[in-house]
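Residues per chain are reported as follows:
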Amino acid sequence: MPHALESTIQRDYTAPDYKYVDDPFLIPTSNAAKRAFALSRESGRKAALWIRKEHAEWFDQKLAEPPIKAFTARPHITEVSEASEDILRNLIDEVSVTDAITIYEILEKKEQEISDETKLSFLELLSFQNCNDPVSEDLPEERWFRQTTHGKQKLRKTWKDGSLAEKVFETLSSGPLAGEAHRALIKGMARYGQAERAHQLFRNMTSSSDPKMAPDTGCYNAVMYLTPFLKEGYEARWQFMESLLREMAGRGLKPDLGTLNSILEVLSNMGSYRKAEDLAIQTLAEFHKLGIEPCLASYYYILLTFCKERGPRSNVLVNILDKLNCQALVAKDPKDVFFFVTAMEVCRHHLQDVDLAHRVHDLLTAHNNYDLIGDSHKESVYYRNYFILMCAMEPLETFMEFYNKLVPTVYIPEPVVMEEILKAIDLNGAIEYLPQMWSDIIIFDQTGRENLLTTLLDIMARNPVAIEDVEKNLQMKESYLKIAWGIWNVVEDEEKEGFRSRNIIWTGSMLGDLMTVCLQCGEFDKAWKVLKRLGADEGMSVVAEEYEPPPLISGIPSIKSLSLFMDACLKEGSVTRGIHPSLENVCHLVHLLEAQRDGSLKESGLYGGCGKTVKPNSAMSCVACVRYSAEAGFPEAGDLAQKLAESLSLNSSQMSQLTSAVGVLRTESPSQVDSSRIDLGKDSKPSES
Amino acid sequence: MCSVLLKKTSMYSVRCLRSTKFITLEQCILTAFGRRLCTSNHNKDEGDPSKTGENLKHKKEGDDKSQIHDRDDAKMKLHNLLKEMIKEEPLTEKKSGLSLAKPKKTAKEKPVKDESGVLIDRKVIDATKDVAKSLGGDVKETESELLEKLLSTKSQVLGGMAVEQIESTKQWRDIRREQAQFGRSVSEVKRQPRFSKGSPTSVNLFGGSPLGIFTAEKQSSPVHDPVAPSIWEKLQEREVRLSTSHPPRNYFQQMILWTEQGKLWKFPIDNEQGLEEEQEVFFTEHVFLERYLEPWCPSKGPVRHFMELVCVGLSKNPYITVQDKKDHIYWYRDYFAAKKDILKEVGALPDETGASSPTASA
């Protein structure tokens, strides 16, 4: 229904959802917070409803003339309430099942006569609802956030056998409305998976000669919907449905949209049945001929039929979109809401076609079609697939534009999506997005995800900051450091909170990456802290400060980060702070070893004479680093030790520690290091055994 | 118990050793490939000697390794690495028999996610070895072969290389599509269509031959076609409506919802909404009330005066019904009747016999 004023308002992507804007301070920024906020609001409404129901006597003032029905307390119905057929009929119209059942039982007890028409309506209500109360219309948030798997999961029997519905049916089955009562019960049983008895009742109807007992289209739809329960084997199922259709035609019944959807649903569940696709197309053609146009639910079943996980790829979605052509869609079937989420899944998994995904999204955002997204769960699955697909297919700039548009007002990416985005950033080397991502991870309350932290550290360690603009370079390094240290704080805080609540545990590679980032940003002290965290200073008598031994770390960092630490350490110990630019380019082993050789030459050449000026702290750190490398089983530890011995003058205890760690050290001139490299590797073996 | 633990940890160290090495190798190959991409992209630059010179200058400054577009450099490195690989391979295997030194702190058995995630398939390693042996021929071709092999196993490794921003969107998409198709996690690979080769088939939705069960002409509606929608149909409608009605997204939608729930005035605005029974009553009924004073009220005097004021007041009151107004007037009638004696005494009511007292008119 068009609304003149409402139609002038477009969705504002910069503002939070309408339900969150009451208090700017409280606007939620994570998926969990959004859910909690909306449901809390609604539970306030529920509490008010409860008070009004429990204490109806407090609300007897007439504040409005004429009275507003929506605001007046509904009568509280108990076993002693006044009952009449009119009250029952009203309650049926209001779909309040429990109250209607109470009134019906009072009337039964009083042996008051109820007309057959009212009884039939009551039976229809009970069959449709399976004697349960529906979700209230007044609670839209509850409907929006409810985890509805209903519909997607396989139909199972939930029908309440021997319930009031069947008793009411008994009273009607011999009367003049027997036909209608049969139909209502069959449809109800089909809806809740009671296949056997529904089919039996249906057979009673078809074998009856009484024209009033003839089944109608709805009955046939219901039984067709139950086919998978009744027949084994795909061929038998189709034959069963075909015979039902011929029966319908023989009775002169007119099929409707429900018939089409029942057939297509059964066909969509036929796994690897080869004819299913052809049959679906034939069915569509048949109904098209009859002037019955498929709805979104029909297309949903078509997608399920054609786009199987294992099966040839099909472009059927393109054909469907051509047919829908951005028109205003109207819901005709409760399962219409499955179309968009499934279409996006097909785009991502089946076709990997981002252009098609854009077309689906255009259709969704056109007119009022967004109403057909379903609920919050379907919406987030839809966007998850869309985001991951775009992230994989589109250039990063385009994707980030889209990201900035929809996040966080419309959609907040789940951790799995965030990881994909981080990987794309890594692949592009687009480190400029990392600060934004980190702040988003904090805002979305995803810092507890180990995989995100690990990926972030990994990316930062492998993509050192190298921007030509000096100022920007500095800025970037600063934010790198902020991210790295933010991660450090997150994990350390978790550890402090105790073992139970921890879900992130340091790994060697995480700490190694962290150390690399600190060193690349020139923060030697922090890097030393990280190395200590790795347990490198264990058993070192030089350690002045006394602290509790931290929990064990599993895994070891790469030798690259360790040797980077060595180099930085040597430089730290000499004159300058910070790292030599040539060391930044060390990216793999070959480079590293070359650089080490060059570096040690340079070190000894430049600072050889100033060995005594080196702070003891620095030498100690170096020794700790070498010891750790040796313990971790890196054959390169020998190189590091060699280098250390050449660059710095160590005292005797440090020397002995070094020797015990890596074995015999050579004291030749640095130029011989290269030729003795492999020997050194062997030298380090005894210590490993 | 202890020795088992020790053995396990040492095995683990070997694994770490291997994986670090192979990752380095792969990364090197892939970095080289990334550069090849860049160079093919920057062919123009290569042709231009001045630009190449500029590149070299950048290199000297050690500014950024990704700016090195030197193809030969990449080739040389790959060559060296693969050679080294052949040399070192037996060494690693021999080593695996030894129990190696291990970090004391890793006594914990917990496998590390990172390392296990990047363990490289044995097949890939064999393949790279074979290729390395046959090196010396067309290095470029070898490179691309290597890449293809690697692509088909892990895209995560690809994540390790810093590919320079590729300008052409199309080229970019092709690469990403290839990755998206090949480089999924194992669980997702299972979901891959088995016959994913070949272009997807198109479907003509309404072009099939009909089943031929129903005929379009024969649309005589059945006997049971209820005129009024049954409860079942109403419930079905309700279900569809609820499945597509969501929390309001702006204030207008909120007001629309409230209007539908009957909490707000309906448009068009009418201040007699909900007063349907009053629609039947003509306005004169409300306004002209003097007739209800007849015949009980005296024709003049203070009581008459008072009652006329009451009538004026009531005629201007829109909030009560005509019946309420009548009841109001009749209440006064009864009241005055009850107080008849007193009223007569003070002369407020004229005597039926004589003239009114002079004080009454004051």
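Values in this document were obtained by computation on a predicted structure and should not be read as measured data.

Turning our attention to the overall build of chain A. When you go through chain A residue by residue, the secondary structure sums to 33 helices and 0 strands. Taking all contacts inside chain A whose residues are at least 6 apart in sequence as the whole, residues at least 24 apart take part in 71%. When the accessible surface of chain A is totalled, it reaches about 30400 Å², and 52% of it is carbon and sulfur.

The subject of this paragraph is the overall build of chain B. On a plain count of helices and strands, chain B comes out with 16 helices and 0 strands. Counting every position in chain B, which comprises 362 residues, the buried fraction comes to 33%. A separation threshold of at least 6 residues defines the contact pool for chain B, and within that pool the share at least 24 residues apart is 67%. Element-wise, carbon and sulfur atoms account for 56% of the exposed surface of chain B, whose accessible area totals about 22700 Å².

Quick look at a negative patch on the surface now. Taken together, A:Glu65, B:Asp270, B:Glu272, B:Glu276 and B:Glu277 make up a surface patch of like negative charges. Structurally, B:Asp270 is set in the loop between α12 (251–260) and α13 (283–287). Given a relative accessible area of 33%, B:Asp270 falls into the partly exposed group.

Now for the packing of aromatic side chains. Residue and element names in this part refer to chain A. Applying the stated criterion across every chain, the model contains 32 aromatic pairs over all chains. Taking the centre distance of 6.1 Å and the plane angle of 25° together, the rings of Trp528 and Phe565 count as stacked. Residue Trp528 is located in helix α25 (residues 524–533), and its partner Phe565 is located in helix α26 (residues 559–573); the two are separated by 37 residues in the primary sequence. On the basis of relative accessible area, Phe565 is assigned to the buried category, the value being 0%. Connected via pairs of aromatic rings, a cluster forms that spans Tyr382, Tyr383, Tyr386, Phe387, Phe399, Phe402, Tyr403 and Tyr411.

To continue, consider the environment of A:Asp138. With respect to the helices, strands and loops of the structure, A:Asp138 is situated in the loop between α4 (116–129) and α5 (140–145). Sequence separation of A:Asp138 and A:Glu42 is 96 residues, and the distance between their C-alpha atoms is 9.3 Å. Not counting residues within four places of it along the chain, the set of residues in contact with A:Asp138 comprises A:Arg45 and B:Gln261.

Right, let's talk about the confidence of the model for chain A for a bit. All names here are of chain A. Mean pLDDT over chain A stands at 82; residues scoring 70 or higher make up 84%. Here residues 539–548 scores under 50 on pLDDT; set against residues more than four positions off or in separate chains, the count is 12 contacts. Every residue in residues 575–616 is under pLDDT 50, and counting partners more than four places away or in other chains gives 64 contacts.

All names here are of chain A. If you trace the backbone, Glu379 turns up in helix α18 (residues 376–393). The side chain of Glu379 sits in the buried core without any salt bridge; Arg11 is the nearest counter-charge, 4.7 Å away. Leaving out residues up to four positions away in the same chain, Glu379 has contacts with Trp144, Tyr370 and Ile373.

Residues and elements named next belong to chain A. Of note, Asp99 is situated in helix α3 (residues 97–109). For Asp99, a relative accessible area of 18% puts it in the buried group. Contact partners of Asp99, with chain neighbours within four places excluded, come to Arg74, Ile77 and Leu91.

Here the focus is the confidence of the model for chain B. Residues and elements named next belong to chain B. Residues of chain B with pLDDT of at least 70 account for 42%, and the chain-wide mean is 64. Here residues 1–68 scores under 50 on pLDDT; set against residues more than four positions off or in separate chains, the count is 99 contacts. Confidence estimates for the predicted assembly give a pTM of 0.72 and an ipTM of 0.83.

Along an α-helix, a turn takes 3.6 residues, which lines up residues three or four apart on a common side. Residues and elements named next belong to chain A. Residues of helix α21 (residues 434–443) that are buried include every one of Leu434, Met437, Trp438, Asp440 and Ile441, and no others. Take α21 and look down its axis: the buried residues cluster within an arc of 160°, on one side only. The secondary structure elements touched by the buried residues of α21 are α19 (396–406), α20 (415–428), α22 (450–462) and α23 (470–496).

The next thing to look at is the packing of helix α15 (residues 316–324) of chain A against helix α17 (residues 354–365) of chain A. When two helices pack together, their arrangement is given by the angle between their axes and by how far apart the axes lie. Residue and element names in this part refer to chain A. Contact geometry for α15 and α17: axes closest at 11 Å, N-to-C directions at 35°. Regarding α15 and α17, the two cross each other, and that crossing is left-handed. Along the contact surface, α15 presents Leu317, Val318, Leu321, Asp322 and Leu324, while α17 presents Leu356, Arg359, Val360 and Leu363. By residue class, the composition of the contact of α15 with α17 is 7 nonpolar, no polar and 2 charged.

Moving on, we come to the packing of α19(A) against α20(A). Residues and elements named next belong to chain A. Running from N to C, α19 and α20 point in directions that differ by 145°, and their axes come no closer than 11 Å. Where α19 crosses over α20, the handedness of that crossing is left-handed. Note on element contacts: α20 touches α19 through Met418, Ile421, Ala424, Ile425 and Asn428, opposite Leu396, Phe399 and Tyr403. For the contact of α19 with α20, the per-class residue count stands at 7 nonpolar, 1 polar and no charged.

With that settled, the discussion passes to the environment of B:Asn80. All names here are of chain B. Within the secondary structure layout, Asn80 lies in helix α4 (residues 71–95). Overall, the relative accessible area of 40% leaves Asn80 in the partly exposed class. Remark: the alpha-carbon pair of Asn80 and Thr259, spanning 179 residues in sequence, is separated by 79 Å.

The next point concerns the pattern of salt bridges. Residue and element names in this part refer to chain A. As enumerated under the stated definition, the model contains 31 salt bridges over all chains in all. The closest approach of N and O atoms between Arg384 and Glu414, which form a salt bridge, is 3.3 Å. With a gap of 30 residues between them, Arg384 in helix α18 and Glu414 in the loop between α19 and α20 connect regions that are remote in the sequence. Assessed through its relative accessible area of 26%, Arg384 is described here as partly exposed.

Let's shift gears to helix α11 (residues 231–244) of chain B. In this model, α11(B) (14 residues) spans 20 Å end to end at C-alpha, consistent with the 20 Å of a helix rising 1.5 Å per residue. Of the residues making up α11(B), those classed as buried are B:Ile231, B:Trp232, B:Leu235, B:Arg238, B:Val240, B:Leu242, B:Ser243 and B:Thr244. Where α11(B) is buried, its residues touch α2 (85–93), α4, α5 and α7 (178–191) of chain A.

Attention shifts here to the state of the cysteines. Residue and element names in this part refer to chain A. Under the definition given, this model contains 0 disulfides over all chains. In this structure Cys131 is not part of a disulfide, and its nearest cysteine sulfur, from Cys219, lies 18 Å away. Residue classification places Cys219 among the buried positions, given a relative accessible area of 0%.

Moving on, we get to a nonpolar patch on the surface. Residue and element names in this part refer to chain A. On the surface, Trp50, Ile51, Trp58 and Phe59 cluster together into a nonpolar patch covering about 460 Å² of accessible area. Considering the arrangement of structural elements, one finds Phe59 in the loop between α1 (31–54) and α2. Take Phe59: its relative accessible area is 42%, and that puts it in the partly exposed class.

Moving on, we get to the environment of A:Ala181. Mapped onto the elements, A:Ala181 comes out in helix α7. For A:Ala181 and A:Val410, which are 229 residues apart along the polypeptide, the C-alpha to C-alpha distance reads 47 Å.

Time to look at unusual backbone geometry. A cis amide bond, omega -5°, links B:Phe267 with the succeeding residue B:Pro268. Within the secondary structure layout, B:Pro268 lies in the loop between α12 and α13. Cis geometry marks the peptide bond from B:Glu294 to B:Pro295, where omega comes out at -5°. Take B:Pro295: it is sitting in the loop between α13 and α14 (302–315). Positive phi values are uncommon outside glycine, yet A:Val95 reaches one of about 55°. Mapping A:Val95 onto the fold places it in the loop between α2 and α3.

The rules we used
Residues numbered from 1 in each chain as written. Chains lettered and ligands numbered in written order. Predicted model: local features only at pLDDT ≥ 70, side-chain atom pairs only at ≥ 80, totals over all residues. Heavy atoms only, no water. Helix = DSSP H or I, 4+ residues; strand = E, 2+ residues; numbered from the N terminus. Contact = heavy atoms within 4.5 Å. Areas by Shrake-Rupley, 256 points an atom, 1.4 Å probe, with all protein chains shown as cover. Buried < 20%, exposed > 50% of the residue type's maximum accessible area, 1.4 Å probe, protein only. Patch = residues over 30% accessible without salt bridge, like charges linked within 9 Å, V, L, I, M, F, W, Y side chains within 5 Å. Salt bridge = Lys/Arg side-chain N within 4 Å of Asp/Glu carboxyl O. Lys, Arg positive; Asp, Glu negative; His and termini not counted. Charge placed at Lys NZ, Arg CZ, Asp CG, Glu CD. Phe/Tyr/Trp six-rings, centres within 6.5 Å; stacked < 30°, edge-to-face > 60°. pLDDT = per-residue confidence, 0-100. Arc of directions from axis to C-beta. Axes fitted to C-alpha atoms, helices over the stretch in contact; angles between N-to-C directions. Left-handed = near helix turned anticlockwise from the far one by under 90°. Nonpolar A, V, L, I, M, F, W, Y, C, P; charged D, E, K, R; others polar. Expected span 1.5 Å × (residues − 1). Disulfide = S-S within 2.5 Å.

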